[in-house]
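Structure assessment
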Amino acid sequence: MSKKICFAVSTLTQIESLIEFRRSKFKTSIIFIKYFLIKGFGIEWLRTLINHIKNKYKKHNIKFFVDSGFDQGLSILLIHENIDYLKLKNNKIVLNKINQVAKKNRVLLNPTFDVVDLTKIKNIKKKLR
């Protein structure tokens with residue numbers, strides 16, 4: 001079975017061009033948000049980004065995969081947001097405890113995806129074909 005593909009983006013225009021390209025051919029798109037973006041801009045930025053994208057593209061199913069690095073506090077805050085997948089690096093004891101909280105909020109912890117990094121690509125449509 002092949003792994004699902006998610007796309008790492010860093011700007012709103014990259015997200016919009018990715019969704020515009022994928023919405024005619026695919027039912028869902030998974031967007032990967034890196035740790036340094038969340039740490040720099042904060043949880044409120046992520047909340048407004050998710051609301052903006054989901055309101056603009058209501059017919060296309062968009063899921064978010066967010067990296068929280070080694071930060072347990074950030075991961076718990078992200079679990080309470082509207083995300084679908086969470087990536088956390090830590091020891092097994094902490095991962096088991098955070099996984100219990102994630103199950104209650106229907107968040108999948110540390111899924112296996114192939115991440116395609118679109119942050120350094122200028123012509124996204126050419127690369128996706």
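Residues numbered from 1 in each chain as written. Predicted model: local features only at pLDDT ≥ 70, side-chain atom pairs only at ≥ 80, totals over all residues. Heavy atoms only, no water.

1. Topic: the layout of surface pockets
In this structure, the largest pocket encloses a volume near 170 Å³. Lining the largest pocket are Lys-4, Ile-5, Phe-7, Arg-22, Phe-26, Thr-28, Ser-29, Ile-30, Lys-63 and Tyr-85. Looking at the lining of the largest pocket, the elements that each hand over two or more residues are strand S1 (4–8) and strand S2 (28–33). (1 Å grid on protein atoms, 1.4 Å probe; cavity = no way out; pocket = protein on both sides within 12 Å on 5 of 7 lines; lining within 4 Å. Points joined across faces, edges and corners; volume = space filled by probe spheres on them. Helix = DSSP H or I, 4+ residues; strand = E, 2+ residues; numbered from the N terminus.)

2. Comments concerning the environment of Asp-71
Position of Asp-71 among the secondary structure elements: in the loop between strand S3 (61–67) and helix H4 (72–79). As a C-alpha pair, Asp-71 and Ile-19 span 52 residues in sequence and 29 Å in three-dimensional space. Residues contacting Asp-71, with those up to four places away along its chain left out, are Tyr-35, Lys-39 and Leu-88. (Contact = heavy atoms within 4.5 Å.)

3. Considerations on the pattern of salt bridges
Within this structure, the stated rule accounts for 5 salt bridges. A salt bridge links Lys-56 to Glu-16, with the nearest nitrogen and oxygen atoms 3.0 Å apart. Linking Lys-56 in helix H3 (residues 43–56) with Glu-16 in helix H1 (residues 12–22), this pair joins segments that are 40 residues apart in sequence. For Glu-16, a relative accessible area of 18% gives the class buried. We note a salt bridge from Arg-23 to Glu-20, for which the minimum N-O separation is 3.2 Å. (Salt bridge = Lys/Arg side-chain N within 4 Å of Asp/Glu carboxyl O. Buried < 20%, exposed > 50% of the residue type's maximum accessible area, 1.4 Å probe, protein only.)

Shape descriptors only; they carry no functional weight alone.
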